[in-house]
Amino acid sequence: MKASINIISILFLILSLQVLSAQNIIKETTTTYYLIRHAEKDRTDKTNKDPHLTSEGKLRAKLWATYFKDKKLNAIYSTNYNRTKETAAPTANALNLKIQYYTPNNDMYSESFKQDTRGKTVLIVGHSNTTPHFTNLILEKDMFKDMADDDNSSLYIITIKEGKKQVLVKTVQ
C-alpha cells in the first residue's frame, strides 16, 4: 500500500511539473515588436544616399532611448545605414545591447528571424517604406502604406500571443 501511495505521489508530482512547465512556455511565447522609422536625417546634400542625423534627429534618437528604457528589450535590429544606426545607438547603449543588422527586403520576416525573436521584445529601426512593409509582413496583412517623409515619430507595436497578432500605432513626441 505504501508503494501505491508513493507511485501516486510521484505521478502527481510529474503531472504538476508538466502543467507548470506548460504555463512557462505560454508566458515565453509572447513576442513584442516595436518598429520605428529613423530620426530626422540631414537633407542638405540630395545626392548623399547615406546621410547622418541632424541635431534634431540626434535629440529624437535620445527621446527614443528614454521611451524604450523600461520596455525590457531583448534585441535591436537596424538597417545598415547611418541614419538608422544613429537612431538605434542611444537605445542600444542605454540597454547594453548590440545592434543587429537586417537587409530590407521581402525576406525580412524570415523563419530564422521569427525563431530568433520568438518570446522576445524587439526594436526594429527602418525607413519610411520598410517600417510599414515589415509591419505588414509580421501581420501577414497589407494594412499600412509608406509613411510620410517627415514622419519620424510613429511607433508600430505588434504583440503576438498564443498565435494572435495585435497592432497599435501611436505617435511618440
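As the structure is a prediction and not an experimental result, all values here were calculated from the model. (Residues numbered from 1 in each chain as written. Predicted model: local features only at pLDDT ≥ 70, side-chain atom pairs only at ≥ 80, totals over all residues. Heavy atoms only, no water.)

*Asks:* How should the pattern of salt bridges be read in this particular structure?
*Replies:* Close approach of charged atoms allows side chains of opposite charge to pair. Under the criterion given, the structure shown has seven salt bridges. One salt bridge connects E40 with R60, and the closest N-O pair in it is separated by 2.7 Å. Here R60 lies in helix α2 (residues 55-68) and E40 lies in the loop between β1 (31-37) and α2, a separation of 20 residues in the sequence. Of the charged contacts, one joins E111 and K114 as a salt bridge, the two residues approaching to 3.0 Å between their closest N and O atoms. With E111 and K114 both in helix α4 (residues 111-117) and three residues apart, the pair spans about one turn of that helix. What emerges from the salt-bridge pattern is a single network uniting R37, R43 and D149. (Salt bridge = Lys/Arg side-chain N within 4 Å of Asp/Glu carboxyl O. Helix = DSSP H or I, 4+ residues; strand = E, 2+ residues; numbered from the N terminus.)

*Asks:* I tried to follow the nonpolar core on my own but got confused; where do I start?
*Replies:* Most often, soluble globular proteins keep nonpolar side chains buried together rather than apart. Judged by nonpolar contacts, the single largest core of 18 residues is most densely connected at Y33, L35, I124, F134 and I138. Among the secondary structure elements, those contributing two or more residues to this core are β1, β2 (75-78), β4 (121-126), α5 (130-139) and β5 (154-161). One finds I36, L123, V125 and L155 within the second-largest nonpolar core, a separate group that totals 15 residues. (Core = buried A, V, L, I, M, F, W, Y, C linked by side-chain atoms within 4.5 Å. Buried < 20%, exposed > 50% of the residue type's maximum accessible area, 1.4 Å probe, protein only.)

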